[in-house]
Amino acid sequence: MEFEYLKNKRILLVDDEREILKMLTSILEEEGFCNIATAGTVKEALEEVKRSTPEIAVLDVMLPDGDGFSLMERLKQEEEYPILFLTARGEDEDRLKGFGLGADDYIVKPFLPKELVFRMTAILRRSYKDENPLVKLCGSEIDFDCAEVIKEGKRIALTAKEYEILTVLYRNAGRIVTIDALCEAAWGENPFGYENSLMAHIRRIREKIEINPSRPVSLITVKGLGYKLMTRRQ
């Protein structure tokens, strides 16, 4: 699971061009990032932060009701988290101002999508290194560091197979993981014939993570295809 926990970090994208926001969201979602919020103005960004504190923010400099530099200063007054500027303003003066105010990186438009992903991932790795994920579900949490589920104030141990199955599901949170992929993760390179065992493990996992295992909302069956794990923003 090395660095996979970074994909669940809450990202705030701020840009006054809605098409840019859609493109950035699409780029990051294709790379597995799943907690993305967007804003087109300083006001919208501050409102979004009140709802949920981001763990990294990507800011444009030019905004209709202010600028990214002053927005960063306001964000950092509330809580410290990494800031990356993504803007058309590439003058040395602007770069120096951004870094001088404490920005972690500064990318000038136009940009390569892979460059954005690589540089954002590098910032996240520096900022949240050696962190193990505490994954929030509906009514429970998975503590991958301790291989336990936290539900109703109690800690419930995961078996090795349950842990392996949940690891693959979490790496692909919100997306379908096939039965074959889950069997291979739990039983190795020759996963055939383990479908019934997988179903039994899925049932026991649901008993641990779901409030009502007979009506699962976190570990969903996608009939004929596989399963997907639905996480919640923390």
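Asks: Any chance you could explain the overall build of the protein here in plain terms?
Replies: Along the protein, the regular secondary structure elements total eight helices and 14 strands. Seen through its C-alpha atoms, the protein measures out along the principal axes to roughly 60 × 35 × 30 Å. Residues classed as buried in the protein amount to 46% of the 234 residues present. Summarising the internal contacts of the protein: among those between residues at least 6 apart in sequence, 60% fall at separations of at least 24. With the model as given, the accessible surface of the protein reaches about 12200 Å², and the carbon-plus-sulfur share is 48%.

Asks: Sorry, what's going on with the pairing of strand β14 (residues 226–229) here?
Replies: The side chains of a regular strand alternate between both faces of the sheet. As judged from the two bridges shared by strand β12 (residues 177–178) and β14, these two strands associate in the antiparallel manner. Residue pairing in the sheet places Thr-178 in a bridge with Gly-226 of β14. Here strand β13 (residues 219–222) hands over to β14 after three residues, with Gly-224 in that stretch at a positive phi of 80°.

Asks: Whenever I open this one, the sheet that holds strand β7 (residues 105–108) confuses me. Can you help?
Replies: The strand order across the open sheet formed by five strands is β2-β1-β3-β6-β7, and the pairing between neighbours is parallel. Here the strands that pair on one side only, and so sit at the sheet edges, are β2 (36–39) and β7. Put simply, the sheet's adjacent strands are angled 15° from each other on average, direction ignored. Against the sheet, helix α4 (residues 92–100) touches β6 (83–87) and β7, its axis set at about 155° to β7. Lying over the sheet, helix α5 (residues 113–127) contacts β1 (11–14), β3 (56–59), β6 and β7, oriented at roughly 175° with respect to β7.

Asks: Any chance you could explain the packing of helix α6 (residues 160–171) against helix α8 (residues 195–209) here in plain terms?
Replies: In helix packing, the relevant descriptors are the interaxial angle and the interaxial distance, both defined with respect to the helix axes. Put simply, α6 and α8 touch, their axes get as near as 10 Å, and they point 85° apart. Relative to α8, α6 is oriented roughly perpendicular. Taking contact as the criterion, the partners of Lys-161, Glu-162, Ile-165 and Leu-166 in α6 are, on α8, Leu-198, His-201, Ile-202, Arg-204, Ile-205 and Lys-208.

Asks: How should I be thinking about the packing of aromatic side chains in this particular structure?
Replies: To describe a pair of aromatic rings, you give the distance between the ring centres and the angle between the ring planes. On inspection of all chains with the given rule, the structure shows six aromatic pairs. Ring centres of Phe-99 and Tyr-106 lie 6.4 Å apart, and the angle between their planes is 45°; this geometry places the pair in the tilted category. With relative accessibility at 1%, the residue Tyr-106 sits in the buried group. On the basis of an interplanar angle of 10° and a centroid distance of 4.8 Å, the ring pair of Trp-187 and Tyr-194 is categorised as stacked. According to the relative accessible area criterion, Tyr-194 is partly exposed, its value standing at 29%. Following the ring pairs from residue to residue traces out a cluster consisting of Phe-69, Phe-85, Phe-99 and Tyr-106. The positively charged end of Lys-7 is found above the aromatic ring belonging to Phe-33, 5.7 Å away from the centroid.

Asks: What is the right way to look at the sheet that holds strand β10 (residues 148–151) in this model?
Replies: Think of a sheet as strands paired side by side through backbone hydrogen bonds, with each pair either parallel or antiparallel. The strand order across the open sheet built from four strands is β8-β9-β10-β11, with neighbouring strands paired in antiparallel fashion. The open sheet has two edge strands with one neighbour each: β8 (134–136) and β11 (154–157). Recorded for the sheet is a direction-independent mean angle of 25° between the axes of neighbouring strands. Alignment of strand β9 (residues 140–143) against β10, held across four bridges, turns out to be antiparallel. Bridge pairing in β10 links Asp-143 to Glu-148. Against the sheet, α8 contacts β9, β10 and β11, and its axis sits at roughly 40° relative to β10.

Asks: It is not clear to me how empty space enclosed by the protein should be interpreted in this structure. Could you clarify?
Replies: Summed over the entire model, instances satisfying the criterion amount to one cavity of 30 Å³ or more. For the largest cavity, the calculated volume is near 50 Å³. Taken together, 10 residues form the lining of the largest cavity, with Lys-7, Gly-32, Tyr-170, Arg-171 and Ala-173 sitting closest to its centre. Among the residues forming the lining of the largest cavity, the class breakdown is three nonpolar, three polar and four charged.

Asks: Any chance you could explain unusual backbone geometry here in plain terms?
Replies: Here the bond from Lys-109 into Pro-110 is cis, since omega is -5°, no more than 30 degrees from zero. Looking at the element boundaries, Pro-110 is found in the loop between β7 and α5. Its identity is not glycine, yet Ala-147 carries a phi of approximately 55°, on the positive side. Looking at where Ala-147 falls in the secondary structure, it is placed in the loop between β9 and β10. You will see that Glu-152, though not glycine, has its phi angle at about 55°, which is positive. Examined against the element boundaries, Glu-152 turns out to sit in the loop between β10 and β11.

What counts as what
Residues numbered from 1 in each chain as written. Predicted model: local features only at pLDDT ≥ 70, side-chain atom pairs only at ≥ 80, totals over all residues. Heavy atoms only, no water. Helix = DSSP H or I, 4+ residues; strand = E, 2+ residues; numbered from the N terminus. Buried < 20%, exposed > 50% of the residue type's maximum accessible area, 1.4 Å probe, protein only. Contact = heavy atoms within 4.5 Å. Areas by Shrake-Rupley, 256 points an atom, 1.4 Å probe, with all protein chains shown as cover. Pairing = 2+ DSSP bridges. Axes fitted to C-alpha atoms, helices over the stretch in contact; angles between N-to-C directions. Parallel < 35°, antiparallel > 145°, perpendicular 65-115°, else oblique. Phe/Tyr/Trp six-rings, centres within 6.5 Å; stacked < 30°, edge-to-face > 60°. Lys NZ or Arg CZ within 6 Å of the ring centre and 35° of its normal. 1 Å grid on protein atoms, 1.4 Å probe; cavity = no way out; pocket = protein on both sides within 12 Å on 5 of 7 lines; lining within 4 Å. Points joined across faces, edges and corners; volume = space filled by probe spheres on them. Nonpolar A, V, L, I, M, F, W, Y, C, P; charged D, E, K, R; others polar.

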